[in-house]
Amino acid sequence: MIKFLDLNKINQPYFELFQEKLKQVSNSGWYILGNEVKTFEENFASFCKSKYCVGVGNGLDAIVLTFKAYIELGVLNEGDEVIVPANTYIASILGIIQSGLKPVMVEPNLATYNINTQLIEEKITSKTKAILVVHLYGQLAEMHEIIDIGNKHNLLIVEDAAQAHGLHFVGSYTRTYSFYPAKNLGALGDAGAVVTNDEKLAKLIQSLRNYGSKKKYFNDYQGFNSRLDELQAAFLNVKLPHLTADNDKRKHIAKRYLNKIKNTKIVLPNCTDFNNHVFHLFVIRSENREELQRYLLENEIETLIHYPVAPHKQRAFTEWNNLSFPITEKIHNQALSLPISPVMTDEEVNYVIEILNKWTF
Ligand SMILES: *Cc1c(COP(=O)(O)O)cnc(C)c1O
């Protein structure tokens with residue numbers, strides 16, 4: 001069976017170093033916001049070519065704490081509208097809502113699955129104050145167009161980079177990351193971070209993640225408990241040096257898939273520049289997605305659907321259920337994610353290609 005993602009195989013090469021770290025952290029007697037968190041923050045900021053990194057509990061909290069901090073700084077106000085792609089993972093939207101802001105969904109571009117920049121301006125009102133860019137599946141969104149729109153309408157830009165570790169874009173926007181185990185850089189549990197060049201913002205998030213206190217037991221803000229765990233930071237310190245090589249392996253697999261999968265019933269993703277994609281997911285589309293998934297499973301190939309239900313169609317958002325986002329709905333009806341990971345062998349990749357090319361419907 002070719003697994004969709006073999007996390008055990010991904011982490012196995014690091015098990016000994018993880019044990020070492022476990023010993024070190026246990027022996028240190030300091031388990032919250034210690035040296036490992038500090039080291040990871042320095043290393044990840046520098047990896048992202050950014051000035052500051054603040055480790056937090058998970059990727060959702062990274063979004064919430066970022067927006068809450070912008071509200072504390074007076075850059076945003078509660079109730080402000082935030083533009084977000086309609087086909088993103090639910091966390092982007094929940095992050096906006098849980099910060100007291102209002103998500104305004106925009107359809108994606110069917111070629112890239114990222115926000116359709118031509119449809120943003122028609123959604124802008126006097127209350128629109130920010131854009132939450134998502135680099136979905138690991139592909140850079142159309143940043144130049146987004147920056148132009150942002151400048152023209154004086155909007156704050158924040159990037160949800162939870163699927164885009166190692167994607168380098170020369171911009172100085174605040175980015176949120178998740179280190180959920182299945183991400184390109186994954187911990188052995190929940191973890192997240194905010195990366196920014198804004199010193200005030202970084203300091204504020206450091207405080208907000210820790211009960212709103214800079215000095216222990218003195219609370220300047222009504223904060224949260226969302227600190228990056230010391231052990232998870234230690235594991236991430238072990239894995240970070242391998243992220244670029246891991247992403248290169250993903251790109252290698254993606255190139256093979258793109259060159260070799262030839263089936264008129266399957267739509268391959270668009271990638272015009274491999275420097276702008278880290279292939280967190282390799283998502284194909286088919287009008288007979290369910291049959292294709294069953295066929296692949298019968299042939300011992302595991303796939304996943306990212307995601308089966310669009311945010312506006314979720315039961316959690318009954319008030320949006322009647323809204324119409326046809327492109328988003330089409331993607332959610334047709335998307336199927338093929339196995340892709342740094343530990344997939346060439347034989348496995350070839351086998352997936354062979355089976356896909358044989359599929360007739
Ligand atoms: C995974 C993910 C998140 C949330 O990360 P968690 O660590 O699970 O909270 C946010 N946005 C996107 C686009 C994601 O893929």
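Above this text sits the structure in question.
Given the structure is predicted, the values throughout are model-derived calculations rather than measurements. (Residues numbered from 1 in each chain as written. Predicted model: local features only at pLDDT ≥ 70, side-chain atom pairs only at ≥ 80, totals over all residues. Heavy atoms only, no water.)

**Examining the overall build of the protein**
For step 1, the next point in the chain: What the protein contains, in helices and strands, is 12 helices and 11 strands.
For step 2, the next point in the chain: Radius of gyration (C-alpha) of the protein: 21 Å, near the 21 Å computed for a compact globule of 361 residues.
For step 3, the next point in the chain: On the principal axes, the C-alpha backbone points of the protein span a range of 65 × 55 × 35 Å.
For step 4, the next point in the chain: Across the 361 residues in the protein, those meeting the buried criterion constitute 54%.
For step 5, the next point in the chain: Nonlocal contacts in the protein, meaning residues at least 24 apart in sequence, comprise 70% of its contacts between residues at least 6 apart.
For step 6, the next point in the chain: Computed over 38 positive and 40 negative side-chain charges, the inter-centroid distance for the protein is 1 Å. (Helix = DSSP H or I, 4+ residues; strand = E, 2+ residues; numbered from the N terminus. Rg over C-alpha atoms; globule rule 2.2 N^0.38 Å. Buried < 20%, exposed > 50% of the residue type's maximum accessible area, 1.4 Å probe, protein only. Contact = heavy atoms within 4.5 Å. Lys, Arg positive; Asp, Glu negative; His and termini not counted. Charge placed at Lys NZ, Arg CZ, Asp CG, Glu CD.)

**Focus on the site of the ligand**
For step 1, the next point in the chain: Close to the ligand lie Asn58, Gly59, Leu60, Tyr89, Ala91, Ser92, Val134, Asp160, Ala162, Gln163, Ser178 and Lys183.
For step 2, the next point in the chain: At 2.8 Å from an oxygen atom of the ligand is found a main-chain nitrogen or oxygen belonging to leucine 60.
For step 3, the next point in the chain: In the environment of the ligand, an oxygen atom lies 2.7 Å from a nitrogen or oxygen atom belonging to the side chain of serine 178.
For step 4, the next point in the chain: Here the ligand has 380 Å² of accessible area as a free molecule, and 91% of this is covered by the chains.
For step 5, the next point in the chain: In the shell around the ligand, the residues fall into five nonpolar, five polar and two charged. (Near = heavy atom within 4 Å. Polar contact = N/O pair within 3.5 Å; in protein donor to acceptor, adjacent residues only side chain to side chain. Areas by Shrake-Rupley, 256 points an atom, 1.4 Å probe, with all protein chains shown as cover. Nonpolar A, V, L, I, M, F, W, Y, C, P; charged D, E, K, R; others polar.)

**Quick look at the pattern of salt bridges**
For step 1, the next point in the chain: Under the criterion given, the structure shown has 10 salt bridges.
For step 2, the next point in the chain: Here lysine 358 ties to glutamate 354 by a salt bridge, and the two come within 3.4 Å at their closest N and O atoms. Linking lysine 358 with glutamate 354, this pair stays in helix H12 (residues 346-358), spanning four residues, or about one helical turn.
For step 3, the next point in the chain: Classification of lysine 358 as exposed rests on a relative accessible area of 54%. (Salt bridge = Lys/Arg side-chain N within 4 Å of Asp/Glu carboxyl O.)

**What about the packing of aromatic side chains?**
For step 1, the next point in the chain: Applying the stated criterion to the full structure yields 16 aromatic pairs.
For step 2, the next point in the chain: Arranged with centres 5.4 Å apart and planes meeting at 15 degrees, the rings of phenylalanine 40 and phenylalanine 44 form a pair that is stacked. On the criterion of helical spacing, the pair formed by phenylalanine 40 and phenylalanine 44 is a turn pair, its members being four residues apart in helix H3 (residues 35-47). Both residues of the pair, phenylalanine 40 and phenylalanine 44, count as buried.
For step 3, the next point in the chain: Ring plane angle 40 degrees and centroid distance 5.9 Å describe the contact between tryptophan 359 and phenylalanine 361, whose orientation is recorded as tilted.
For step 4, the next point in the chain: Look at phenylalanine 361 and you get exposed, because its relative accessible area is 53%.
For step 5, the next point in the chain: Through successive ring pairs, a cluster of aromatic residues spans Phe40, Phe44, Phe47, Tyr177 and Phe179.
For step 6, the next point in the chain: Over the ring of phenylalanine 218 we find lysine 215, and its NZ or CZ is 4.4 Å from the ring centre.
For step 7, the next point in the chain: One cation-aromatic arrangement involves lysine 255 over phenylalanine 274; the distance from NZ or CZ to the ring centre is 4.8 Å. (Phe/Tyr/Trp six-rings, centres within 6.5 Å; stacked < 30°, edge-to-face > 60°. Lys NZ or Arg CZ within 6 Å of the ring centre and 35° of its normal.)

**Concerning the environment of lysine 260**
For step 1, the next point in the chain: Topologically, lysine 260 is positioned in helix H9 (residues 243-260).
For step 2, the next point in the chain: For lysine 260, a relative accessible area of 44% puts it in the partly exposed group.
For step 3, the next point in the chain: Separated by 93 residues in sequence, lysine 260 and isoleucine 353 place their C-alpha atoms 6.6 Å apart.
For step 4, the next point in the chain: In contact with lysine 260, not counting residues within four places along its chain, are Ile353 and Asn357.

**Overview of H9**
For step 1, the next point in the chain: Taking 1.5 Å per residue as the helical rise, H9 with its 18 residues ought to reach 26 Å, and the 26 Å between its terminal C-alpha atoms agrees with that figure.
For step 2, the next point in the chain: Where H9 is concerned, the buried positions are Leu243, Asp246, Asn247, Arg250, Lys251, Ile253, Ala254 and Tyr257. Seen from one end, H9 has its buried residues packed into an arc of 165 degrees, which puts them on one side.
For step 3, the next point in the chain: Tucked inside the fold, the buried residues of H9 contact H3, helix H8 (230-239), strand S10 (282-285), strand S11 (335-338) and H12. (Expected span 1.5 Å × (residues − 1). Arc of directions from axis to C-beta.)

**A few points about the state of the cysteines**
For step 1, the next point in the chain: Enumeration according to the criterion identifies zero disulfides in this entry.
For step 2, the next point in the chain: Just so you know, cysteine 53 is unpaired, no disulfide at all, and the nearest cysteine sulfur is the one on cysteine 48, 6.9 Å from it. (Disulfide = S-S within 2.5 Å.)

**Some remarks on the nonpolar core**
For step 1, the next point in the chain: In terms of nonpolar packing, the biggest core is built from 40 residues, with Phe40, Phe44, Ile146 and Phe179 touching the most fellow members.
For step 2, the next point in the chain: Secondary-structure elements contributing two or more residues to this core are H3, strand S3 (102-106), strand S4 (128-134), helix H6 (143-153), strand S7 (192-196) and H8.
For step 3, the next point in the chain: Beyond its immediate chain neighbours, meaning those up to four positions away, phenylalanine 44 contacts Cys53, Tyr177, Phe179, Leu185, Val195 and Leu240.
For step 4, the next point in the chain: Ala69, Ile96, Leu156 and Leu201 belong to the second largest nonpolar core, which has 31 residues in total. (Core = buried A, V, L, I, M, F, W, Y, C linked by side-chain atoms within 4.5 Å.)

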